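Each chain is listed here by its residues.
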Amino acid sequence: MKSLIDSLCVHILYIIDNSPNDKWRILEKEYVGCGIEIRYIHNINLGYGASHNIALQEAIEAGGDYHLVLNPDIYFEANVLPELLSYMNLNLDVGYILPRVTYPNGELQYLCKLLPTPFDLIFRRFMPKIKWITSLNNRYELRNSGYYKIINPPCLSGCFMFMRLSTLKKNNLFFDERYFMYCEDFDLIRRIHRVAKTIYFPCVTIVHNHAKESYKNKKNLMMHIKSAIRYFNKFGWVFDNERKAMNKAILIELQEK
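For the structure given in this document, a descriptive report is provided here.

1. Here we look at the overall build of the protein chain
Along the protein chain, the regular secondary structure elements total 11 helices and 9 strands. Since a compact globule built from 257 residues should have a radius of gyration of about 18 Å, the 18 Å found for the protein chain is in line with a globular shape. In terms of its C-alpha atoms, the protein chain occupies a principal-axis envelope of roughly 55 × 40 × 40 Å. Split into buried and exposed, the 257 residues of the protein chain put 51% on the buried side. Across the protein chain, every contact between residues at least 6 apart in sequence was considered, and the portion connecting residues at least 24 apart equals 80%. Taken together, the 33 basic and 26 acidic charged side chains of the protein chain have centroids lying 8 Å from each other.

2. What to know about the environment of Asn91
For Asn91, the location among the structural elements is in the loop between α4 (80-90) and β5 (94-102). Using a relative accessible area of 23% as the deciding quantity, one classes Asn91 as partly exposed. Taking the C-alpha atoms as reference points, Asn91 and Lys197, 106 residues apart in sequence, are found 9.4 Å from one another.

3. What to know about the sheet that holds strand β4 (residues 74-76)
Overall, mixed pairing links the 5 strands, which are arranged β3-β8-β5-β9-β4 in an open sheet. Both outer strands of the open sheet, β3 (66-70) and β4, are each paired with one neighbouring strand and no more. Going from strand to strand, the sheet's axes swing by 40 degrees on average, the running direction of each strand aside. Where β3 lies against strand β8 (residues 160-164), 5 bridges are found, and the strand directions are antiparallel. If you follow Leu68 over to β8, its bridge partner there is Phe162. Contacting β3 and β8, helix α3 (residues 48-61) runs over the sheet at an angle of about 155 degrees to β3.

4. Things to note about the side chain of Glu141
Here Glu141 lies in the loop between α6 (131-140) and β7 (155-156). The class of Glu141 is buried, set by a relative accessible area of 10%. The residues contacting Glu141, other than those within four sequence positions of it, are Tyr110, Cys112, Lys113, Arg124 and Tyr147.

Criteria and thresholds
- Residues numbered from 1 in each chain as written.
- Predicted model: local features only at pLDDT ≥ 70, side-chain atom pairs only at ≥ 80, totals over all residues.
- Heavy atoms only, no water.
- Helix = DSSP H or I, 4+ residues; strand = E, 2+ residues; numbered from the N terminus.
- Rg over C-alpha atoms; globule rule 2.2 N^0.38 Å.
- Buried < 20%, exposed > 50% of the residue type's maximum accessible area, 1.4 Å probe, protein only.
- Contact = heavy atoms within 4.5 Å.
- Lys, Arg positive; Asp, Glu negative; His and termini not counted.
- Charge placed at Lys NZ, Arg CZ, Asp CG, Glu CD.
- Pairing = 2+ DSSP bridges.
- Axes fitted to C-alpha atoms, helices over the stretch in contact; angles between N-to-C directions.

Structure (structure tokens):
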């Protein structure tokens, strides 16, 4: 929360609490006078996307210009949000933006991606790390882009989703609530990319203390696989012409830059 408060450009902070009790309601009083309205909503656990849709709908109804979906394990300097805000204000065709993301030790996180195939989302993690598997993974994560220039990939991480509310409202874009957790970010960003640019913006950096829980917890792994199956049932397993077209477009863009 400190990162948001220090940014001086956040007006309303939505806290959707899916825990069994409402002990975090105390945050409403704790941050009185900080310059940000705290909107605390205690809710049954409907899932990640469904919970965020509550805040998205309220933000749209409140007449907001932008909305940030933020993981709790992220922190950043005060200049990050103003820089992103400035870029979005100057580039009205952008619907979503993600800054450069690192681990706490400074290591880069490769969060720009092609639209995934079943191999990328499901089978890849069970394969040995041999040369051709690594090559496919590097292509999927657009590692050859260098991660030092502004690009428009069709798939980005949902750990920090800075979105233009007018784009969401005009096109009725919300999280698909059929996903309980995992893949709902890929799904939404893909749909945003149909109507607006989804930008990777490496000019500012945030820190993400990413734990990769689905790699450590079997329950989360099965949930991840279930969501991936739902994703491919929706968009296509093998025959996905939109995936082919969007991936081709970003690869051509990278060749030209």
